[in-house]
Structure formats: C-alpha cells, structure tokens
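Each chain, written out:
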Amino acid sequence: MTLQCQMEHFSPGPDMGRELRGALSRFGTGVTVVTAQSEAGPVGITANSFSSVSLDPPLVLWSAAKSSSRFPHFTRAEHMAIHVLAEEQMPVARAFAASAHGFDHANWSAGAKDLPLLDGCLARFECERYAEYDGGDHAIIVARVLRASVRQGEPLLFFGGRFGNFAAAG
C-alpha cells in the first residue's frame, strides 16, 4: 500500500526560518538537559540535539545555540553531564529551557569535578570536552563519555514543538 500525502515544498533561506523550524520539528527526539559547572555556579540547558557518535572511543555530541546567554558557559566547560529525561521530568525540561538555574525544579547533587548531576533521568553521561565545531548558528560540542548511568523507564519526547511520551505499537 502506498501512502499519498500532500507535501509543501520550499527552499530554506533567511525569510523561511519559521518554515524550516516547522519542518525540522517533524523529527521526534528525546529530551536532554546538559549541565556544567561555571564561574556563575551550576548551569543547565534543555537540548534535543543529542546524538551518539562513537563507541570506541565513547563519544556523544550536542549542539549549543550561539545566541543563547548560556552559550559561553558550555563552550568554556571542560566537563559536562548530559541527562536523558524520563517522561515524568517535563517540569525539569521546562525549567532548564527557561533558565540556566532551573535546579530548584530538580533533585541534584554535585559529582566529580563538582559537576551538577540530576536525579531521576533515564540515562546520564558524565563527559569531558573532546572537540568543538562550528555549526552555523550553533556550536557542535563533542564529548568523551567518562561514566554512564542508566535506569528503566519511559522517555520524555519532543515533537512538533510539544513535549509528549512514547506509545508502543502493537
């Protein structure tokens, strides 16, 4: 069976930012919060631009918007923790989307190198900076995983500009 659907076509450009963002939002992603220690104290940011890169060496990446006031904290940080959020952690995702100091909405503790570690996430990757690349209006930060933690549970997802959860088929 072939599914027919009406597609809208456009060429990305300066006047098509909203349309491109809408098209990109059709790709569902997991939700992470990246934390680091900075000269201003512990900071965090919600990011859905997380991906695995390599198992040997163990590398992951995420992208930080250059326009973010938090950008300098993360591009200067030698260590960071990437937390894959569980479905019940939507308030945590929203808190760190709004403020670098969303720690009032999460249980956390200081780990090695005084790294802020959030409790309750499905997976956590404690990392050190490996490389950084220019990615247009973002920096692509590649990090080497030094320690990983994992637990069972359902993920918090982001699709079409909204948070949601996973419904298994069949």
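Structure first, text after, so check above.
Remember, it's a predicted structure, so these values are computed and weren't measured experimentally.

Moving on: the pairing of strand E5 (residues 58–65). For strand E4 (residues 51–55) and E5, the ladder comprises four bridges, and the chain directions are antiparallel. Residue pairing across strands places serine 51 opposite leucine 61, the latter belonging to E5. Counting the residues between successive antiparallel strands, the hairpin from E4 to E5 contains two residues.

Bringing the sheet that holds strand E11 (residues 157–159) into the picture now. Here we have three strands laid out as an open sheet, ordered E1-E11-E12, and antiparallel in their pairing. Each of the sheet's edge strands pairs with one partner strand only, and the pair in question is strand E1 (29–30) and strand E12 (162–164). Relative to E11, E1 runs antiparallel, the two being bridged by two bridges. Across the sheet, threonine 29 pairs through a bridge with phenylalanine 158, a residue of E11.

If you trace the backbone, serine 63 turns up in strand E5. A relative accessible area of 18% places serine 63 in the buried class. Not counting residues up to four positions away in its chain, the partners in contact with serine 63 are Ser49, His138, Ala139 and Ile140.

Moving on, we come to unusual backbone geometry. Trans peptide bonds make up most of the peptide bonds, and negative phi angles are found at most residues other than glycine. Between aspartate 56 and proline 57 the backbone carries a cis peptide bond, its omega angle lying at 5°. Assignment of secondary structure puts proline 57 in the loop between E4 and E5. Although it is not a glycine, aspartate 114 sits at a positive phi angle of roughly 60°. With relative accessibility at 43%, the residue aspartate 114 sits in the partly exposed group.

One pass over the full model with this rule turns up five aromatic pairs. Summarising the aromatic geometry, the rings of tryptophan 62 and phenylalanine 74 are spaced 5.4 Å apart at their centres and angled 85° between planes, so their arrangement reads as edge-to-face. Of the two residues, tryptophan 62 sits in strand E5 while phenylalanine 74 sits in helix H2 (residues 71–76), which places them 12 residues apart along the sequence. Each of the two residues, tryptophan 62 as well as phenylalanine 74, counts as buried. For the pair phenylalanine 103 and tryptophan 108, a centre-to-centre distance of 4.8 Å together with 50° between the ring planes defines the contact as tilted. The exposure class of phenylalanine 103 is buried, given its relative accessible area of 7%. When its relative accessible area of 34% is taken as the criterion, tryptophan 108 is described as partly exposed. Chaining the aromatic ring pairs together yields one cluster made of Phe96, Phe103 and Trp108.

What counts, and where the lines are drawn
Residues numbered from 1 in each chain as written. Predicted model: local features only at pLDDT ≥ 70, side-chain atom pairs only at ≥ 80, totals over all residues. Heavy atoms only, no water. Pairing = 2+ DSSP bridges. Helix = DSSP H or I, 4+ residues; strand = E, 2+ residues; numbered from the N terminus. Buried < 20%, exposed > 50% of the residue type's maximum accessible area, 1.4 Å probe, protein only. Contact = heavy atoms within 4.5 Å. Phe/Tyr/Trp six-rings, centres within 6.5 Å; stacked < 30°, edge-to-face > 60°.

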